[in-house]
Every structure is written in structure tokens, then in C-alpha cells.
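Structural description and commentary
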Amino acid sequence: MFSTQQSCWFVRKVICWRAAASIAWAVLLLPPTTAVFVILSRFSLLHPIQTILECMSLLSSASAIFSLILLFGVILMVGFLNLEYYTVIPTIACSKIALLGQLLHPRQFLSSMAHCIMGIIIGWCSAITIGGRYETLGYSCEGSASMCLNEYHVFLLLAGAFVGFSHSLLGVIHNMNYVAFQTVQQHKYLRFKGSLPLVVKCSATQALYSVRNYIVVYFFLGDIPRAWICKTLNLQLNSSAHQLDSIAGLLDLSLLYHLWMSATFLLFTWHVTLLLFRIFVTEMYSFPVQSSFTEDALLCLPKVLTESQPAIVKFLALQDLALLSQHSPSRRCEVFGLSQPGGHPHNWNAISKECMSLLADLTQRLVAYHDTVATNGRAKSLSTGSERKTSSETSLTSGTEDLMSPRPTLLIKTPASVFARSVIGHPQSPLTAPFTPDLDSPFASPALRRLTAPVEQCSPWFGTVQSPHVMRRGPKLWSTSTDSQINGSPPPSPASVTDPKAEQSKPSLLAKFLQNRKEQVKNFLAKRVLIMYLFNKLPEASSQALFADSQAHIWALEGLSYLVQASFSEDQFGVVQTTLPSILSCMLVLQEAVDRHFKLPHASSKPVRSTSSMGDSTYKTLRFALRATLKTAIYRITTTFGTHLNAVQMSAEHRKRLQQFLEYKE
């Protein structure tokens, strides 16, 4: 097994160094960014040359150098937060109450406080850099020996805190900590150059909205921090000057311009740091396919794929698999090679098994989600009419049974992320929560609880996937009505069959009373509009959460299909042909499950991409990319092998569906 030490070695030697490189480049870009900010904040059309000379003298002053050192510290802190909070699988809130829970999480509270402090520091540096009326916190009052409060300075400091806090909240709402991998591989410089105009646009737009919101908040609540600062620092208010929490004080175009420039400078430095972190972390990493040394065997691609890993390591390994399957014939030969001694295709077996396991897990997840949506909280009856499976259900059953051995499943719930497979009894991961029946919700029906109740070992459904579409029939406790009519005997009543366990576990009167009270409270809450608004599931978000980690499945499909295509001419030992039926069945079963999912409401609606935020919204369209990649992968195999696929053993339903691809009718 891939030990914790080796896993930490990869994170420490690769990920941390990449994060450090991104922070170093952000620090190097900070001086020219600060120079541009100084010029824009102090520029005068009437005296351009004098303005440039003043800016040069200011940048070489001691106060500017001290401000630059503070900004270096802020960049280091932002880079550390990026490394601490990043994720390759976005957390999607499928209800308003779930989003509220994310915003109020203690971990998010610490991040918000850190952003507030960093915003105050950048606000102070901006005030020192702009100079003039913003430079000092207090000044000598006219006609008095006491000190008066400089509200303009306080205004910029509070603006930095507000913009930092808003940025932290928007990061949760827009999943700005989500690190997406690029479809087309580009050099780091070209990628940064192409994304820089978007960073400037997003920073200026977000700063504009933040300034608008800050002005509104300060207009109503500005006297509270001003009075507290005056009382704490023993400062006086200048009654002759306009207070900034009034309309006359806020209608100052110079003040609004400097406020917007300071907010843009703050957000631009943070966004550039985030962009560099994304570029460096998602850079391709080449894993060796096999090694001649035993101590390095755990670092090879098959071991990294099959063992438990951090999500970023798993994604980089799958990305490397997809790239080597397309562009590296020498590494493909290592995948198709045999072990010495023994002559076993260990590399191909490990890679193909892990890829098919990923696809089978997604298939189970889709089937379970479809069943949950179809039942709408009501249990399906197991009558003889409903036991007649259609050809579609039969294909799902046979395909899943061929690919995976039966694993005991006690609850109808989708598996966790494919990179942290859940064990029975462990709590659900955030990724599975959106499309798992919420038994603790006030709107969960008793029928759904009976459907998701634990299954006894003597039950015919024990040891199977708990879904009407993926299951194997077990021996029934009594014959059906049709069998009884054939035998000429009346059908025995199920009520006559007594279960001693059921009699022993009969609930008491107190338990029934508490259960009835609980149902009454839930029914009462379900009639409240606000409760319904907060707890109602969002169908679009649930579908997005279902495919949140589908980038891994896309790479698995590409890697498998390209390797199978290359095996037609490069596989000297025929190692791929032994698993070709399973690969085709796995892809066909997944395609049928994906097609059924896209027939659900809201599943086929494409969301509008937002260009005013640094949050990467590619996860919202991953299901469309997966569907296109899946169909392309099947066509890639059928086009390469052609009529040779008629000799592959598979079920009649799969053969019929494969024929549609061979005839280009799918």
C-alpha cells in the first residue's frame, strides 16, 4: 500500500514547491503592480511630468519600502491560504441552508478574519501610497491643542476590511478555491499572458460592486466605528468638515476614485496570486510507468492510480495517463509489456481495473440518483408487475455484475468521491450529500426511511446494490400468484409468515408517541415558506454535484479508449484483448445511465458562465463534457476495430447497442 510517508513526500516535494514557485512569482510581480497603482492614483492630466517625478521619488522613500515589505507579507499569507483551502473537487451547495452552513463554518470564519486583516493592511499601504489627506490617522485640530480624527484614513482602512471580507464570502459562493485542469496544455507563460486581461477585468468589476456595497453600509453604520475609534484613541471630530456617512461627504468623486483604485489594487494582487497558484499546481507531472528499483515501485503510475491518494495526486496521475495514451508510444509499450519473471501484464491490469472501477462507481451513482428522483420520496412496490425488468434494466444489471464483484450495501446511498471511497458506517462526504436521500430532513417521508432501512442478512436483497435497476433476484419466501395458480393451490398469505425478530423489535408506546410528535413537527415546518425556501433541493446544483469529480472519469475514458485504439497495432502480447469485453460493457452501461440522467428535468440545461468572477465555473458543464467524451471514446474503439468486435463476447443488449455505433447511428 502507498504509505503515508510516500504520499506526504509527493505533496511536500511537488505540490508545496509548486505553490512556493507561484508565491515567488507573485512577489516578483508586486513592485511593478505597485508602481502602476501609484501612477494611476496620483496621475494628473495638467501636470503629467511632475506627477511621474513625484511617483518615482515616492517609490524610493522609506514609507513606500516599508509598505512594500508589508505587501510581501500579505502575498505570502494569501499563497498559504490558497495552498490550505484549494480543492480539485468543488463543494456544491444543493440548498440555501447548505450554502449558509458553508458560510458560517468555523474554518470559513477564520479565513474571513484573515482576509479582513490583510485588507486593512493593504488599505493602510494604499493610504500611505496615495498620500495627501489619506496619509495619517490624526491631525492637529484648528484652534485647539487636541488631535482630530482623519476620517478619510479610517474610510480607506475600513474599505480594505470590507473588500477582504466580501472577497472571502464570494470565494465560497463562486468556488474560487476550486482548481480546474485545462483541456489544452499550454506553457505557463502563455497561460498567464492569456488570463491576465480577465484578471484585470474581474478585479475592476468586483471592486466596483464592493465599493458600492461599502458606501451603502458606511452611510448607515459609519458612525459606529468612527465613534469607537475616537473613544479608544482619544481623538476629536472636526465639526467643520463634512462627515463621510452623509450624502455630501460621499459625493466626492476624488474619494470614490481613490477608493475604487485601492479596492482594485487589493483584488488584483490576490487574483494574480491565485492565478499563478492554479497554473503551477495543475502543471502536468510525468509518473514513471515502471521502475527497475523496488523502492521506486510505489511511485509508478499503476501504484499511484490504484492506492489511496490525495485527490490532487490522483488527478495528476489520471491526466498523465490520458496524455501518455495519446502522445507517447514508448510509454504505451511499457503499459502493454509483461512482467519479468512471470510474464504477467501487471501494468495494464492495474490501470484498466482502476479506470473501469471509476466508471462503474459513476454508473452506480447515476442509477441511485435516478431512483431517488424517480421515487420522489415514495417507496416502489415490489409487485410481480414491477419485477418485470426492461431490457435497459437488464443491461445495467448484467454490465455491473460483470465489472464488479458484489459488495454489501446496507443503505441506498451513492458512493463518496471515487478518491475517498466510503466504508459502511462512515459519515457521508459532502459530495454525496446532494443526491443522497436526506433522512434527517423535515421533508423526508416514512416510506423513504423504510426504503433505506438496513437490510438483514437473510433478506433476498442482502449483498446486492440496493436499486431496482441494479440487483440480483434471490429466492422468495413464498411463491407468486401465478405459480400458485399453476399448482392449483391458493396462494399463502404473507401475513401468516411470522418473524420472531419483528415481534421482539416492536416499538413501545413511548417510541410511537415520540415518532408521531416528530412527524407533526416536521409537517408543521414543511408548511412554512421560509423553511421550504431554505431546505428545498436545487435540481441544477444536485446534477452538478453528481458530476463534480467527472474530470477524473473523462481522463479515464480517454486513457482507456486511446490505449485500446493503440493496442490494435502496438499490443504484441494481446493483453488488451482479454479485458476488451469488460471495457466495452463498462462504457455502454455508463452511456445508458448518462442518457437516462439527461432525460431528467434541469439536467440538460446549460448554465450561463460568469466572466465577472475569478471562480472557475467549468465544473458546471462537466456532465456535458463527460457525455461527449464517452460517446467519442466508444466511437474511437468501434472505428479502429470495426467488424472485429463481432467476435467479442457480450450480452445481446450490449451487442445491439454497439451495432448502433458501428453503423454510426448513435
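These numbers come from a predicted model, not from an experiment. (Residues numbered from 1 in each chain as written. Predicted model: local features only at pLDDT ≥ 70, side-chain atom pairs only at ≥ 80, totals over all residues. Heavy atoms only, no water.)

Attention now goes to the packing of aromatic side chains. In the structure shown here, the tally under the stated rule is 21 aromatic pairs. Judged by centre distance (5.6 Å) and plane angle (20°), the rings of Phe10 and Phe287 are stacked. Remark: Phe287 occurs in the loop between α10 (253-281) and α11 (301-306) and Phe10 occurs in helix α1 (residues 4-42); sequence separation between them is 277 residues. Note on accessibility: Phe10 and Phe287 belong to one class, buried. Ring plane angle 85° and centroid distance 5.2 Å describe the contact between Phe568 and Phe641, whose orientation is recorded as edge-to-face. Here the residue Phe568 occupies a position in helix α22 (residues 550-570), and Phe641 occupies one in helix α24 (residues 622-641), the gap between them amounting to 73 residues. Residue class for Phe568 comes out partly exposed when judged on its relative accessible area of 45%. Three or more aromatic residues joined by ring pairs form one cluster here, namely Phe155, Phe162, Tyr214 and Tyr218. (Phe/Tyr/Trp six-rings, centres within 6.5 Å; stacked < 30°, edge-to-face > 60°. Helix = DSSP H or I, 4+ residues; strand = E, 2+ residues; numbered from the N terminus. Buried < 20%, exposed > 50% of the residue type's maximum accessible area, 1.4 Å probe, protein only.)

Next up on the list: the nonpolar core. Core analysis: the largest hydrophobic core is formed by 82 residues, its most contacted members being Leu321, Trp348 and Met587. With near-sequence residues (within four places) excluded, Leu321 lies in contact with Leu301, Leu305, Ile351, Cys355, Gly559 and Leu563. Ala114, Ile122, Cys125 and Leu156 belong to the second-largest nonpolar core, a separate cluster that totals 49 residues. (Core = buried A, V, L, I, M, F, W, Y, C linked by side-chain atoms within 4.5 Å. Contact = heavy atoms within 4.5 Å.)

Moving on to a nonpolar patch on the surface. A cluster of nonpolar side chains, namely Val216, Val217, Phe219, Phe220, Leu221, Ile224, Ile247 and Leu251, defines an oily patch on the protein surface of about 800 Å² accessible area. With five residues, the single largest contributor to the nonpolar patch is helix α7 (residues 188-221). Tracing the backbone shows Leu221 in helix α7. What makes Leu221 partly exposed here is its relative accessible area of 47%. (Patch = residues over 30% accessible without salt bridge, like charges linked within 9 Å, V, L, I, M, F, W, Y side chains within 5 Å. Areas by Shrake-Rupley, 256 points an atom, 1.4 Å probe, with all protein chains shown as cover. Salt bridge = Lys/Arg side-chain N within 4 Å of Asp/Glu carboxyl O.)

Time to look at the UniProt feature "transmembrane region" (unreviewed entry) in the chain. Within the UniProt annotation, "transmembrane region" (unreviewed entry) is assigned to residues 20-40, 52-79, 116-134, 154-177 and 259-281. Counted over residues 20-40, helix gives 100% and strand 0%. Its end C-alpha atoms are 30 Å apart. Taken end to end, residues 259-281 comprises 100% helix and 0% strand; its first and last C-alpha atoms sit 33 Å apart. (UniProt positions renumbered as here; feature names shortened; annotations may be inferred.)

A word on the pattern of salt bridges. Evaluation of the coordinates by the stated rule reveals twelve salt bridges. Where Glu283 meets Lys188, a salt bridge forms, and the shortest distance between an N and an O atom there is 3.3 Å. Here Glu283, found in the loop between α10 and α11, pairs with Lys188, found in helix α7; they are 95 residues apart in sequence, far enough to count as distant. Taking the relative accessible area as the measure of exposure, Glu283 reaches 31% and is therefore partly exposed. Here Glu663 makes a salt bridge to Lys665, at a shortest N to O gap of 3.1 Å. Through salt bridges with shared partners, a single ionic network connects Glu151, Arg226 and Asp245.

The next point concerns unusual backbone geometry. Within the chain, Asn175 stands out as a residue other than glycine whose phi angle is a positive 55°. One can find Asn175 in the loop between α6 (151-173) and α7. We classify Asn175 as buried; its relative accessible area is 6%. Phi angles above zero are rare outside glycine, and Asn234 is one such case at about 55°.

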